[in-house]
Amino acid sequence: MSGRFFSSLIFVLSSFGLANAHNSVPKCRNVPGAVGFPSSAEWTALNASVSGRLVAVVPTVKFCSSLPGGCTLQQFTSSVFLNENPGSMNQINWEQDYDSVPPSLCLHNSTTCGQGNVPLFGVLAESASDIQKGVTFARVHNLRLAVKASGHDYLGRSTAKSSLLISTHKLQSIQFTDDFRIGGKSKGSAVTVGSGVGLSTIYAAAKSKGKIVVGGTAATVVAAGGYVQGGGHSALSPTFGLAADNTLELTVVLADGSVVTANEVENTDLFWAMRGGGAGSWGVIVSATFQTFPTFNASVSSGLIFSNSTQVMGQVAAAHARHIFDWDPFHVGQYFYLSTTGLLQVPVPALGKFVMSVQTYFPNTTTDVAEAALQPFFDEAKATGAIVVVQTNETNINDALISADDSVGASAVLGSRLVPATAYKNSPATFGDVYTRLLDGGATNILGNLVAGGESHTNIY
């Protein structure tokens with residue numbers, strides 16, 4: 001496939017214990033009130049074994065109510081701030097339990113606050129040993145286990161009702177090397193990071209070493225967490241491949257409590273599975289080692305397209321689809337986000353109900369060349385009657401990807417699709433129809449990531 005969006009097959013692997021399938025019965029996890037739920041003495045013993053790092057976990061709103069004066073709006077919408085509360089999810093709807101009768105909710109300005117889908121207790125791990133003890137305790141007592149690095153999961157998989165949480169937020173180690181070796185073979189320069197280190201922290205550290213790492217644009221997404229376990233797309237993927245392609249080694253705590261190393265020589269099946277096989281599916285990552293590359297300059301184009309018409313925004317989307325292959329020769333990464341809710345932090349006054357942000361990263365390219373490559377698209381967007389504002393700057397790629405914080409605290413449910421290149425090649429007008437229909441149907445945010453093709457395509461196996 002020659003385009004930059006790709007299709008994939010998802011294989012679901014299940015273990016049914018076939019030898020005993022005839023007498024197996026569903027086994028529910030222990031919850032408060034169940035005979036097998038740990039006693040206070042057993043929780044106290046777990047706390048002692050992890051040096052006092054077991055905490056009662058609370059929802060965001062309850063955490064805020066415990067602070068003098070509560071949380072300010074800035075704090076309530078700050079991922080950096082809320083990361084210090086183990087129970088906070090970036091999208092607050094995942095903390096709620098809407099299914100129980102009555103629902104268990106803890107919402108902003110609520111008069112009551114239930115536990116919802118937030119874990120009961122959490123181990124704030126500072127070592128592999130802490131993770132091992134938490135995992136073993138959950139296994140021995142048949143507890144549901146949740147694993148959270150930063151709480152960015154748009155499907156809410158890092159929180160769970162009546163569970164024990166393993167929080168890796170405090171695993172903040174960063175170590176660079178110019179000669180990382182596996183099985184006696186040099187893999188070149190690399191960085192090993194703990195499974196609590198956010199992307200912006202890694203980019204800043206890498207810049208001081210003259211390096212760059214494949215990662216996303218969110219400040220607090222953790223590279224060695226769910227990010228790499230989901231494949232890890234990036235604006236740099238067309239140049240270097242996905243984060244999964246650039247993972248050299250993982251240190252993992254398995255469900256039996258053992259700590260293993262997974263790379264191309266040891267535990268190779270696990271290494272393959274954990275690079276895209278789903279967050280928390282195979283174990284808890286303690287640390288990950290990623291390939292590093294010499295840093296470079298990039299031209300970054302920030303385009304804003306405004307309109308009050310769903311028809312016009314559909315025409316803009318169709319124009320974008322027609323020009324999407326114009327940028328293949330430059331191995332660009334691009335995020336094209338359309339919003340009606342203020343999701344986008346627009347640096348100019350809103351000039352229309354609908355705004356599409358088109359953020360494009362041109363590696364090792366001058367601003368003149370970048371502007372010339374994008375101009376046909378922006379000209380066609382203007383011809384629809386939309387208002388177009390564009391600014392292009394050349395900067396260090398680390399600086400371009402670093403952000404101070406992520407805006408959180410709202411409710412969101414994500415539906416996603418992988419769009420094949422053939423759809424863009426054969427039916428660009430269809431994208432316009434789809435955008436218009438989605439907007440007319442009440443869609444508030446349509447987010448597109450141009451992060452495949454190039455080296456991502458080359459690395460498919």
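Computed from a predicted structure; not experimentally measured.

Brief notes about the overall build of the protein
For step 1, the next point in the chain: Check the secondary structure of the protein and you find 15 helices and 18 strands.
For step 2, the next point in the chain: The C-alpha radius of gyration computed for the protein amounts to 23 Å, which stays within 12% of the reference 23 Å derived for 461 residues, consistent with globular compactness.
For step 3, the next point in the chain: Projected onto the principal axes, the alpha-carbon positions of the protein cover approximately 70 × 60 × 50 Å.
For step 4, the next point in the chain: Buried positions account for 48% of the 461 residues belonging to the protein.
For step 5, the next point in the chain: Of the contacts made within the protein by residues no fewer than 6 positions apart, 74% connect residues no fewer than 24 positions apart.

Looking at the packing of aromatic side chains
For step 1, the next point in the chain: Under the counting rule described, the total for this entry stands at 12 aromatic pairs.
For step 2, the next point in the chain: Their ring planes at 65° and their centres at 5.6 Å tell us that Phe330 and Phe362 sit as a pair that is edge-to-face. Of the two residues, Phe330 is situated in the loop between helix H10 (310-323) and strand S15 (333-339) and Phe362 in strand S16 (residues 354-363); the sequence distance between them amounts to 32 residues.
For step 3, the next point in the chain: On the accessibility criterion, Phe362 (0% relative accessible area) is buried.
For step 4, the next point in the chain: In this structure an aromatic cluster arises from ring pairing among Phe37, Trp43, Phe121 and Phe137.
For step 5, the next point in the chain: The ring centre of Phe271 lies 3.9 Å from the NZ or CZ of Arg275, which sits over that ring.
For step 6, the next point in the chain: Directly above the aromatic system of Phe325 lies the positively charged group of Lys425, at a separation of 5.6 Å from the ring centroid.

Regarding the side chain of Asp97
For step 1, the next point in the chain: Tracing the backbone shows Asp97 in the loop between helix H4 (79-82) and strand S2 (121-124).
For step 2, the next point in the chain: Within the structure, Asp97 has its side chain in polar contact with the backbone nitrogen of Asp99 (distance 3.1 Å).
For step 3, the next point in the chain: Reaching out from Asp97, the side chain makes a polar contact with the side chain of Lys161 at a distance of 2.9 Å.
For step 4, the next point in the chain: Not counting the four nearest positions on each side in its chain, Asp97 is found in contact with Pro103, Ser104, Leu105, Gly116, Asn117 and Lys161.

Looking at the state of the cysteines
Here a disulfide denotes one covalent bond, and it connects the sulfur atoms of two cysteines.
For step 1, the next point in the chain: As enumerated under the stated definition, the model contains two disulfides in all.
For step 2, the next point in the chain: Disulfide pairing is shown between Cys64 and Cys71; the S-S distance is 2.0 Å. Where Cys64 bonds to Cys71 through sulfur, the torsion about that S-S bond is close to -90°, and the disulfide is left-handed.
For step 3, the next point in the chain: Each sulfur in the disulfide pair Cys106 and Cys113 lies 1.6 Å from the other. Because the torsion about its S-S bond is -80°, the bridge between Cys106 and Cys113 counts as left-handed.

Focus: the sheet that holds S15
For step 1, the next point in the chain: Taking strand neighbours across the sheet as the criterion, the five strands line up as S17-S14-S16-S15-S18 in an open arrangement whose pairing is antiparallel. Either end of the sheet is taken by a strand with one partner, and the two such strands are strand S17 (387-396) and strand S18 (445-450). Here the strands of the sheet are splayed against their neighbours by 10° on average, with no regard to which way each runs.
For step 2, the next point in the chain: In this sheet, S17 lies alongside strand S14 (residues 297-307) in antiparallel orientation, the contact comprising 10 bridges.

Things to note about the pattern of salt bridges
Side chains carrying opposite charge are able to pair once their charged atoms draw close together.
For step 1, the next point in the chain: Going through the model one piece at a time under the given rule, you end up with eight salt bridges.
For step 2, the next point in the chain: Ionic pairing is found between Asp130 and Arg53, a salt bridge with its closest N-O pair at 2.9 Å. Of this pair, Asp130 sits in helix H5 (residues 128-140) while Arg53 sits in the loop between helix H1 (40-49) and strand S1 (54-56), placing them 77 residues apart in sequence.
For step 3, the next point in the chain: When its relative accessible area of 3% is taken as the criterion, Asp130 is described as buried.
For step 4, the next point in the chain: One salt bridge in this structure joins Arg322 and Glu380, with 2.5 Å as the shortest N-O distance. Of this pair, Arg322 sits in helix H10 while Glu380 is found in helix H11 (residues 367-383), placing the two residues 58 residues apart along the sequence.
For step 5, the next point in the chain: On the basis of relative accessibility, which here comes to 25%, the residue Glu380 falls in the partly exposed class.
For step 6, the next point in the chain: Shared partners join several salt bridges into a network, and the residues in it are Arg53, Glu126 and Asp130.

With respect to the packing of H10 against helix H14 (residues 428-440)
A pair of packed helices can be characterised by two numbers: the angle between their axes and the separation between those axes.
For step 1, the next point in the chain: Contact pair H10 / H14: the axes reach a minimum separation of 7 Å and the direction vectors enclose 150°. Between H10 and H14, the interaxial angle falls into the category roughly antiparallel. Where H10 crosses over H14, the two elements pack in a sense that is right-handed. Residue-level inspection shows Thr310, Gln311, Met313, Gly314, Ala317, Ala318, Ala321 and Arg322 of H10 in contact with H14, the latter providing Pro428, Ala429, Phe431, Gly432, Tyr435, Thr436, Leu439 and Asp440.
For step 2, the next point in the chain: When the residues that make up the contact of H10 with H14 are grouped by side-chain class, the tally is nine nonpolar, five polar and two charged.

Examining the environment of Gly215
For step 1, the next point in the chain: Along the chain, Gly215 falls in the loop between strand S9 (211-212) and helix H7 (223-229).
For step 2, the next point in the chain: In the structure, Gly215 is positioned 22 residues away from Ser237 in sequence and 8.4 Å away in space, judged by C-alpha atoms.
For step 3, the next point in the chain: Residues within four places of Gly215 in sequence aside, it is in contact with Leu199, Tyr203, Tyr227, His233, Ser234 and Ala235.

Comments concerning the sheet that holds strand S10 (residues 247-253)
For step 1, the next point in the chain: The strand order across the open sheet formed by five strands is S5-S8-S12-S10-S11, and the pairing between neighbours is antiparallel. Two strands in the sheet have a free side with no partner beyond their single neighbour: strand S5 (174-177) and strand S11 (259-262). Pairwise comparison of adjacent strand axes, ignoring direction, gives a mean angle of 15° for this sheet.

A word on a nonpolar patch on the surface
For step 1, the next point in the chain: Among the surface-exposed residues, Leu351, Ile387 and Val389 lie close enough to one another that they form a single nonpolar patch of about 210 Å² accessible area.
For step 2, the next point in the chain: Tracing the backbone shows Val389 in strand S17.

Some words on the pairing of S15
For step 1, the next point in the chain: S15 sits mainly inside the fold: six of its seven residues count as buried.
For step 2, the next point in the chain: Here seven bridges tie S15 to S16, and the two strands are oriented antiparallel to one another. Bridging from a neighbouring strand, Ser339 pairs with Val355 of S16.
For step 3, the next point in the chain: Across six bridges, S15 lies against S18 in antiparallel orientation.

Thoughts on helix H6 (residues 199-208)
For step 1, the next point in the chain: When H6 is considered as a whole, its buried residues turn out to be Leu199, Ser200, Ile202, Tyr203, Ala205 and Ala206.
For step 2, the next point in the chain: Looking at the buried residues of H6, the elements they touch are S5, strand S8 (190-194), S9, H7 and helix H12 (397-401).
For step 3, the next point in the chain: Immediately downstream of H6, the backbone of Gly210 shows phi near 75°, a positive value.

Cut-offs and rules
- Residues numbered from 1 in each chain as written.
- Predicted model: local features only at pLDDT ≥ 70, side-chain atom pairs only at ≥ 80, totals over all residues.
- Heavy atoms only, no water.
- Helix = DSSP H or I, 4+ residues; strand = E, 2+ residues; numbered from the N terminus.
- Rg over C-alpha atoms; globule rule 2.2 N^0.38 Å.
- Buried < 20%, exposed > 50% of the residue type's maximum accessible area, 1.4 Å probe, protein only.
- Contact = heavy atoms within 4.5 Å.
- Phe/Tyr/Trp six-rings, centres within 6.5 Å; stacked < 30°, edge-to-face > 60°.
- Lys NZ or Arg CZ within 6 Å of the ring centre and 35° of its normal.
- Polar contact = N/O pair within 3.5 Å; in protein donor to acceptor, adjacent residues only side chain to side chain.
- Disulfide = S-S within 2.5 Å.
- Pairing = 2+ DSSP bridges.
- Axes fitted to C-alpha atoms, helices over the stretch in contact; angles between N-to-C directions.
- Salt bridge = Lys/Arg side-chain N within 4 Å of Asp/Glu carboxyl O.
- Parallel < 35°, antiparallel > 145°, perpendicular 65-115°, else oblique.
- Left-handed = near helix turned anticlockwise from the far one by under 90°.
- Nonpolar A, V, L, I, M, F, W, Y, C, P; charged D, E, K, R; others polar.
- Patch = residues over 30% accessible without salt bridge, like charges linked within 9 Å, V, L, I, M, F, W, Y side chains within 5 Å.
- Areas by Shrake-Rupley, 256 points an atom, 1.4 Å probe, with all protein chains shown as cover.

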